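# Inside the fold
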Amino acid sequence: MSTKVVDLRSDTVTKPSEAMRAAMAGAVVDDDVLGTDPTAHRFEMEMARMLGKDAALFVPSGTMANLISVLVHCDSRGSEVILGHNSHIHIYENGGISTIGGVHPRTVTNNPDGTMDIDKIVAAIRNPDGALCYPTTRLICLENTHGNCGGKCLSVEYTDKVGEVAKNHGLQLHIDGARIFNASVALGVPVDRLVRAADSVSVCLSKGLGAPVGSVIVGSKAFIEKAKILRKTLGGGMRQVGVLCAAAHVAVRDTVGKLADDHRRAKVIAAGLSKIKHLTVDLTSVETNMVFFDTDPQISPGKLCQLLEQRNVLAMAVSSKSVRLVIHYQISDSDVQHVLTCMEEAVEEILSRNAKFEHLTNGATTDSYGN
Amino acid sequence: MSTKVVDLRSDTVTKPSEAMRAAMAAADVDDDVLGTDPTAHRFEAEMARMMGKEAALFVPSGTMANLISVLVHCDTRGSEVILGDNSHMHIYENGGMSTIGGIHPRTVSNNPDGTMDIDKIVAAIRHQGALYYPTTRLICLENTQGNCGGKCLSVEYTDKVGEVAKAHGLKLHIDGARIFNASVALGVPVDRLVRAADSVSVCLSKGLGAPVGSVIVGSKAFIQKAKIARKTLGGGMRQVGVLCAAAHVGVRDTVGKLADDHRRAKVLAVGLKKIKQLTVDLSSVETNMVYFDITDPQISPAKLCQVLEQRNVLAMPVSSKSVRLVIHYQISDSDVQHALTCIEEAVEEILSGNAKFEHLTNGATTNSYGN
């Protein structure tokens, strides 16, 4: 019996590789608040270059990356930002842009493919004539890949179009690109081209790329200068942060090239799941490293995940009838097969009503909660 | 000629030791947002125990530790905090409690010894229910008090402020970035020293030498809320055990060395006093900080620090006539002697008119800026 835990709750669970650990231990560091940590500096320059922007800033999390970006773009009181109703920023970041930043959100419906209709975006932009009772729209946010919609890719054409809308209306464009490399790989579009229309992008290192901690924000020099101050204000100014940047640099170097395999394995899992009675998968909806599947009414996602946990397979129940699996590079082909086997067994066990249900112990929840 | 840089700008410049690097590389980690990172969990439990509180939370910086603490204690709109007019929180944290947290500060004068007069604190507490007052909810102390020279607040004083807080239904937070320095200098166990406090922020990245981070300690209920505030601000890190491993080594290995830092600070102060153009108040050196004034108008702090930098000694000008030196465990006895020699030489060089002044390259500024 396999004692290895196959953790498909999220790509955030990736543990640092040997190469990352060695890089952390050997990192040349200095006080990044007092001056420059050379490893952080080198990494930030590399990320700026890769994403085709002027400058970059390392931050502890994607939440902070997005929060900083929104707050810098909307530094005047009375600002409003347009974003998807099902976006990570709106649903899973504690409403921080408002509770912390005083910025008002205006949501537009996310389509199943992760986009928002262009005409609906335009319609959501506040008319300056109404300034007496309207906040001022300053920013549009996109999310690529779009998590809640299933890890869907926004095309470069769509992104450019939204960029044009922003420009025509004097707005900025921010892309929550936590999984932007997944999008770039799946679309076959170089990542800098993909985000060219954006004024700022947040990119996670700690998800599929595998670093232990952190995200970067990229943007213009002026934007990043302000972002640095806001980072300090929020409490994200870390000292010898090169220890983390060293690992993140290894992640970008070593793992971007493995994302295509994650996508392939996601498709394999989806195909396998579609063969299991009482589970439903939309195979066309698997674009990157996420697989959402529905369960028939007699199988509750919570129970299914409990039984899987007993078999050392961790998954995320995301609603009363769906489960999410996220593939990352620490999931192998044989892990995928093992998961499918366990899934079949778990389904059978529920149906045969032999299942024993214990309290969830692995921290798995009934919602992916934006992880 | 010594090529080693003797960095006395702050104790934040401490670089991770070999033991810390090894601990980081080997740390047992997991996704601390999804569940528990075992290394973070173990470290937080240990810090709570050491500080005599129920629970602890690791955060990226002292700024975030203080911000979270204030936000959690003052989670109702219309709150006010009493704190020192020369406190780190009021001067060097971007006014975040207000700009980010919507909380109003009410300052009370800091005495040269770091305290605020008890009667002035009481006078600053708002009468309840007034139509035009915010509501006082919190008193903040800082121990050791940085801007006052690394001064220790006694346990008697701390207890007295705690009583005032209790009598008025207020909470007490201690910015204990350098609380271990205070504990060692006073000869008071750290848990006894902070017993009156509802929460304490403690830095690991300063004199204790860790690369990154602080902890907040407090009650279980407080820390639960702090965790959410941390996530909201963007401080929720994934495999954060890599940082906690180093921090744990910092606490284990370096607390015992703080007494030597204090001894070296006194040696440095005594040596500085012998230099004619400088003046030091020896009685004001209580922990690891030495402030000295320059009495000769031909010598400015900025010039002195520039010339010192040419000799690979880094110091921090803090005003138009004073300079600050901060001792940490990576400064040896011979480094102290070397610094004194260099300062003597620098003074002579400036007076003789031979000094060359270039743009400050080490990031040293004309203000310690709270580092």
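Rules of the game
- Residues numbered from 1 in each chain as written.
- Chains lettered and ligands numbered in written order.
- Predicted model: local features only at pLDDT ≥ 70, side-chain atom pairs only at ≥ 80, totals over all residues.
- Heavy atoms only, no water.
- Helix = DSSP H or I, 4+ residues; strand = E, 2+ residues; numbered from the N terminus.
- Rg over C-alpha atoms; globule rule 2.2 N^0.38 Å.
- Buried < 20%, exposed > 50% of the residue type's maximum accessible area, 1.4 Å probe, protein only.
- Contact = heavy atoms within 4.5 Å.
- Areas by Shrake-Rupley, 256 points an atom, 1.4 Å probe, with all protein chains shown as cover.
- Axes fitted to C-alpha atoms, helices over the stretch in contact; angles between N-to-C directions.
- Left-handed = near helix turned anticlockwise from the far one by under 90°.
- Nonpolar A, V, L, I, M, F, W, Y, C, P; charged D, E, K, R; others polar.
- Lys, Arg positive; Asp, Glu negative; His and termini not counted.
- Salt bridge = Lys/Arg side-chain N within 4 Å of Asp/Glu carboxyl O.
- Polar contact = N/O pair within 3.5 Å; in protein donor to acceptor, adjacent residues only side chain to side chain.
- Patch = residues over 30% accessible without salt bridge, like charges linked within 9 Å, V, L, I, M, F, W, Y side chains within 5 Å.
- Pairing = 2+ DSSP bridges.
- Buried area = accessible area lost by both parts, 1.4 Å probe.
- Core = buried A, V, L, I, M, F, W, Y, C linked by side-chain atoms within 4.5 Å.
- pLDDT = per-residue confidence, 0-100.
- Phe/Tyr/Trp six-rings, centres within 6.5 Å; stacked < 30°, edge-to-face > 60°.
- Lys NZ or Arg CZ within 6 Å of the ring centre and 35° of its normal.

### Brief notes about the overall build of chain B
The secondary structure content of chain B amounts to 14 helices and 13 strands. Its C-alpha radius of gyration of 21 Å places chain B within 12% of the 21 Å reference for a compact globule of 371 residues. When its C-alpha atoms are laid out on the principal axes, chain B stretches across 65 × 50 × 35 Å. The buried share of chain B, reckoned over its 371 residues, is 60%. Nonlocal contacts in chain B, meaning residues at least 24 apart in sequence, comprise 74% of its contacts between residues at least 6 apart. Carbon and sulfur atoms provide 51% of the accessible area of chain B, an area that totals close to 14100 Å².

### Re the packing of helix 1 (residues 18-26) of chain A against helix 11 (residues 242-255) of chain A
Residue and element names in this part refer to chain A. For the pair helix 1 and helix 11, the least separation of the axes is 8 Å and the interaxial angle reads 145°. Here helix 1 runs over helix 11; the crossing is right-handed. Counting all contacts with helix 1, which are made through Ala 19, Met 20, Ala 23 and Met 24, the residues of helix 11 involved are Val 243, Ala 246, Ala 247, Val 250, Ala 251, Arg 253 and Asp 254. In the contact of helix 1 with helix 11, the residues fall into 9 nonpolar, no polar and 2 charged.

### Here's the deal with the side chain of Lys 53 of chain A
Residues and elements named next belong to chain A. Mapped onto the secondary structure, Lys 53 falls in the loop between helix 2 (38-51) and strand 2 (55-59). Of the side chains bearing the opposite charge, Asp 199 lies closest to the buried Lys 53, which forms no salt bridge; the N-O distance is 7.1 Å. At 2.7 Å, the side chain of Lys 53 and the backbone oxygen of Ala 198 are in polar contact. Contacts of Lys 53, omitting those with residues within four sequence positions, involve Ala 48, Val 195, Arg 196, Ala 198, Val 201, Val 218 and Gly 219.

### Thoughts on a nonpolar patch on the surface
A cluster of nonpolar side chains, contributed by Leu 131, Tyr 132 and Tyr 133 of chain B, occupies part of the molecular surface with about 430 Å² of accessible area. Here Tyr 132 of chain B lies in the loop between helix 6 (118-124) and strand 5 (135-142).

### With respect to the sheet that holds strand 7 (residues 199-203) of chain B
Residues and elements named next belong to chain B. Read across the open sheet, the 7 strands follow the order 2-8-7-6-5-3-4; overall the sheet is mixed. Because the sheet does not close on itself, it has two edges, and the strands there are strand 2 (55-59) and strand 4 (104-108). Here the strands of the sheet are splayed against their neighbours by 20° on average, with no regard to which way each runs. Pairing geometry for strand 2 and strand 8 (residues 214-218), over 5 bridges, is antiparallel. By the bridge assignment for strand 8, Ala 55 is matched with Gly 218. Of the strands in this sheet, strand 2, strand 7 and strand 8 touch helix 10 (residues 220-233), which is tilted by about 20° from strand 2.

### So, the interface of chain B and chain A
Quite often, the size of an interface is put as the accessible area lost when its parts meet. Each side of the interface is counted separately: chain B has 47 residues, and chain A has 48 residues. Surface buried jointly by chain B and chain A totals about 3900 Å² across both partners, of which 54% is contributed by carbon and sulfur atoms. Summed over the shared surface of chain B and chain A, the number is 0 salt bridges. In this structure, the connection of chain B to chain A is made through 24 residue pairs in polar contact (both at pLDDT 80 or more). Looking at the side of chain B that touches chain A, the elements with two or more residues in it are helix 1 (18-26), helix 3 (62-73), helix 5 (96-99), helix 10 and helix 11 (241-254) of chain B.

### Some points on the nonpolar core
Considering soluble globular proteins, one finds that nonpolar side chains tend to be buried as a cluster. Core analysis: the biggest nonpolar cluster contains 119 residues, and Met 47, Phe 58 and Leu 205 of chain A together with Phe 58, Phe 180 and Leu 204 of chain B have the highest contact counts within it. Examining the composition of this core, we find that 9 residues originate from one element, helix 11 of chain A, more than from any other. The next biggest cluster of nonpolar side chains, apart from the first, holds 50 residues, and it includes Met 64 and Phe 223 of chain A together with Leu 67 and Leu 138 of chain B.

### Looking at the confidence of the model for chain B
Regions with low pLDDT should not have their predicted coordinates read in detail. Per-residue confidence for chain B gives a mean pLDDT of 95; residues scoring 70 or more make up 96%. Across the predicted assembly, pTM comes out at 0.91 and ipTM at 0.87.

### Observations concerning the pattern of salt bridges
All names here are of chain A. Scanning the entire structure with this criterion turns up 36 salt bridges over all chains. A salt bridge links Asp 11 to Arg 179, with the shortest nitrogen-to-oxygen separation between them at 2.7 Å. You can see Asp 11 sitting in the loop between strand 1 (6-7) and helix 1 and its partner Arg 179 sitting in the loop between strand 6 (172-177) and helix 8 (180-187), a full 168 residues away along the chain. Here the two residues Asp 11 and Arg 179 agree in accessibility, since each one is buried. Between Asp 254 and Arg 253 there is a salt bridge; the shortest N-O distance is 2.7 Å. Given the relative accessible area of 28%, Asp 254 is considered partly exposed. Note on Arg 253: relative accessible area 59%, which makes it exposed.

### Considering helix 13 (residues 301-310) of chain A
All names here are of chain A. Along helix 13, 7 of the 10 residues are buried, which leaves the element largely enclosed by surrounding structure. Residues of helix 13 that are buried: Pro 301, Leu 304, Cys 305, Gln 306, Leu 307, Leu 308 and Glu 309. Considering only its buried residues, helix 13 is in contact with strand 10 (290-295), strand 11 (313-314), strand 12 (316-317), strand 13 (322-326) and helix 14 (333-351). Just past helix 13, the residue Asn 312 takes up positive phi, approximately 65°.

### Digging into the sheet that holds strand 3 (residues 79-84) of chain A
Residues and elements named next belong to chain A. Ordered in space as 2-8-7-6-5-3-4, the 7 strands form an open sheet in which the pairing is mixed. Every interior strand has two partners, whereas the edge strands, strand 2 and strand 4 (104-108), have only one. For this sheet, the mean angle separating the axes of adjacent strands, direction not counted, is 20°. Pairing between strand 7 (residues 200-204) and strand 8 (residues 215-219): 5 bridges, direction antiparallel. Across the sheet, the residue bridging to Ser 200 is Gly 219, located in strand 8.

### Describing the environment of Arg 253 of chain A
By the secondary structure assignment, Arg 253 of chain A is in helix 11. As a C-alpha pair, Arg 253 of chain A and Asp 335 of chain A span 82 residues in sequence and 24 Å in three-dimensional space.

### Re the side chain of Glu 349 of chain B
Along the chain, Glu 349 of chain B falls in helix 14 (residues 333-351). Leave out the neighbours within four places in its chain, and Glu 349 of chain B touches Val 307, Gln 310, Arg 311, Asn 354, Ala 355 and Lys 356 of chain B.

### Considerations on the packing of aromatic side chains
Residues and elements named next belong to chain A. Within this structure, the stated rule accounts for 3 aromatic pairs over all chains. Judged by centre distance (6.3 Å) and plane angle (70°), the rings of Phe 43 and Phe 58 are edge-to-face. In this pair, Phe 43 sits in helix 2 while Phe 58 sits in strand 2, placing the two residues 15 residues apart along the sequence. The exposure class of Phe 43 is buried, given its relative accessible area of 0%. Relative accessible area serves as the criterion here: at 1%, Phe 58 is assigned to the buried category. In this structure, Arg 126 is placed above the aromatic ring of Tyr 134, and the distance from its NZ or CZ to the ring centre is 4.8 Å.

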